[in-house]
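Analysis of the macromolecular model
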Amino acid sequence: MHKTHAILAAAAATVLAGCASGPSPAELDAQAKAMMMANFRDQGIAKADRLKQDLGQAACSSDKPPADSVAKEIEAAALASIQWPAGGQYFGDWTRGERLAQSGRGMTWTDTSTATKDNGGNCYNCHQIDKAEISHGTIGPSLWNYGKIRGVKDVTDPASAAIIQYTWGKLWNSKAYTACSNMPRFGHMKLLDEGQIRDLMSLLLDPRSPVNQ
Amino acid sequence: MKHLITSAAVAALAFASVGTGFAQDATKGIEEYRKMLEDGNPAELFEMKGEELWKQKRGPKQASLEKCDLGKGPGVVKGAFVELPRYFADTGRVQDLESRLVTCMGTLQGFNEEEIKKTPFGRGEMANVTALATWIATASRGMRFNLPTAHPEERRFYELGKRAFFYRAGPHDFSCAACHAQENIRIRLQDLPNLTKNPGDGVGFAAWPAYRVSNGQMWSMQLRLNDCYRQQRFPYPGFASDVTIALGSYMGINAKGAASIAPAIKR
Amino acid sequence: MADPMRIRAQVTGDKATVRVLMSHEMETGQRKDSAGKTIPAWFIQEVTVAHNGKNVLTAQWGPAVSKNPFMQCVVKGAKAGDKIAVTWVDNKGDKRTDEATVS
């Protein structure tokens, strides 16, 4: 009872505030959206339609997280979208993976191609990976000893299957596990292809990779 | 010859002393390097040029900008920078420093405002707008940000800017907030200020225009935002478009009380 | 024409500290533009400093010096009111001289 009154009072206050000082939050949302659509133009490969949001992007566009039910919906859709590697082949070459992790290239209006081969993984921008690289970001967690900490001694051991699948899924579509993750959806958005993701898998999980020493 | 000591501080030489050590040492090294450069910030070259441009009779109307109203009355330069963007009754718009300068270049000097807005950064009259902005910022050095919020349009732009700041889109799902809504985070070795609040004196909004040593360019706030959007993998924001000004209102109002060090010197 | 230099000359004791910022592209001749064409070398080759008309410093510079370079030197015996003139000449033969008064 008490709670209902509080909500009604809050609603009334919002309406009053709306009259006194300009547009309502909903009107501002609509104005902001129209502004975003009108104020950008195509430049090279970066087309104006990049501003169209999918469900997840729209739901993760405020200072407050989306409702739990919406977050669950985003995560379920993302999980269902993951393409698992052809023939169950999860691994590639960690030296190529390290080169990809170092590269921050791709998809800006000064890049000339949207092909996956021209994109980097941007990994070190946000994560520590191999400790030998001191120039690493801290937006994401450290991935030093990623496989070792998680007990991966042999990637063919069935006991490692769960972490291998999770890692592939995280690289393919990070939103499968965290609706508003700051990490790009490398596979889903066609930033990296299967072969490149295999190389990153080896960098992170192969016991021989410098990351797991 | 022997009665003098020469110490030519050259950027390339100073940088050689950075490179090695652990992450913390590297950060410290970069700070030392910036300190060394502060004494010879090439932004001063742009200040000089900006001051000259302000006083010079130019454009089809052969007039100076000395009657330009930057918000504190015609010709008042000191303190104007730390109160922008703000609402201007004559244009009926919230304007930032650069868009206001373009208005003055149009109305007082007779330049074509749309032409200037279309000119690439660093070229022609756009380079002059950057130099002017640098000089005007210098006149408020050490003063604290205090953007007006009395006009409804100023409050509306703050709200639009906040929404733009959190707008997530593009192939990488980035927004301004992806990198600038937390404390103590970095991209590679670059510290990222939290721009959802006052990030402190001389940080974020209180540091631009700034001279970028890595490419030898003077960057205005409009160019700073433009390149943020490039790295965000967004399409190209129009110069002085509402979204860029609204972001200025959001960051500027959040930075209330922060002392300006603009023009700063950056890596 | 090249933009002016920024020269500051301040007395401390029996000498003056001279700080100079020069506006120059300082192209090394090793960079390529977006079309892949080499950008021709363009850099300051000689810098001279004169104290009341008398040369007190001659420096030979090359393409390793940064864009918009900063130079600092100390001139012994310089007093307030003295003139400090700085001149640079680049590899295209362009030349610029600016003068400051010691304060």
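For every chain, the first residue of the written sequence is number 1, and numbering continues from 1 onward in sequence order. Chains and ligands are labelled sequentially in the order written, the chains with letters from A and the ligands with numbers from 1. Where totals are concerned, whole chains, interfaces and linings use all residues; where local detail is concerned, this predicted model gives features only for residues with pLDDT of at least 70, and gives and counts side-chain atom pairs only at 80 or more. To obtain the side-chain values, all non-hydrogen atoms of the structure were used and water was disregarded.

**Remarks on the state of the cysteines**
We apply this condition: Two cysteine sulfurs form a disulfide in these notes if their separation is within 2.5 Å. Elements are defined by DSSP. Helices are runs of H or I of four residues or more, strands are runs of E of two residues or more, and each kind is numbered from the N terminus.
On inspection of all chains with the given rule, the structure shows two disulfides over all chains. A:C60 shares a disulfide with A:C180; S-S distance 1.9 Å. Measuring the twist about the S-S bond at about -80 degrees, one finds the A:C60-A:C180 disulfide to be left-handed. Here A:C180 lies in the loop between α8 (161–172) and α9 (194–205) and A:C60 lies in the loop between α3 (55–59) and α4 (68–81), a separation of 120 residues in the sequence. Shown here is the disulfide that connects B:C68 with B:C104, its sulfur atoms set 2.0 Å apart. What sets the handedness of the B:C68 and B:C104 disulfide is the S-S torsion sign, and at about 75 degrees it is right-handed. Here the residue B:C68 occupies a position in the loop between α3 (43–55) and β2 (86–88), and B:C104 occupies one in helix α4 (residues 97–107), the gap between them amounting to 36 residues.

**Some details on the sheet that holds strand β9 (residues 264–266) of chain B**
Residue and element names in this part refer to chain B. Filter applied, for reference: The criterion for strand pairing is that DSSP finds at least two bridges linking the strands in question. Fitted lines through C-alpha atoms serve as axes, helices being fitted only where they are in contact, and the angles separating the N-to-C directions of these axes extend from 0 to 180 degrees.
With mixed pairing, the three strands of this open sheet are ordered in space as β7-β6-β9. A strand with exactly one partner marks an edge of an open sheet, and here the two such strands are β7 (217–219) and β9. With strand direction ignored, the average angle separating the axes of adjacent strands in the sheet is 30 degrees. Bridge count between strand β6 (residues 210–212) and β7: three bridges; the pairing is antiparallel. From the neighbouring strand, Y211 faces β7, where its bridge partner is M218.

**Focus on the environment of B:Q95**
Residue and element names in this part refer to chain B. Under the convention used in this document: A contact between two residues is defined here by any heavy atoms of the two lying within 4.5 Å. Polar contact is defined as a pair of N or O atoms within 3.5 Å, subject to the rule that within protein one atom must be able to donate a hydrogen and the other to accept it, and that residues adjacent in sequence are counted only when both atoms are side-chain atoms.
Tracing the chain through its elements places Q95 in strand β3 (residues 93–95). When the C-alpha positions of Q95 and A133 are compared, they lie 13 Å apart, and in sequence the two are 38 residues distant. Residue contacts for Q95: discarding those within four places in its chain leaves L84, P85, R86, F88, R100, T103 and I245. In terms of polar contacts, Q95 uses its side chain to reach the side chain of T103, at 2.8 Å.

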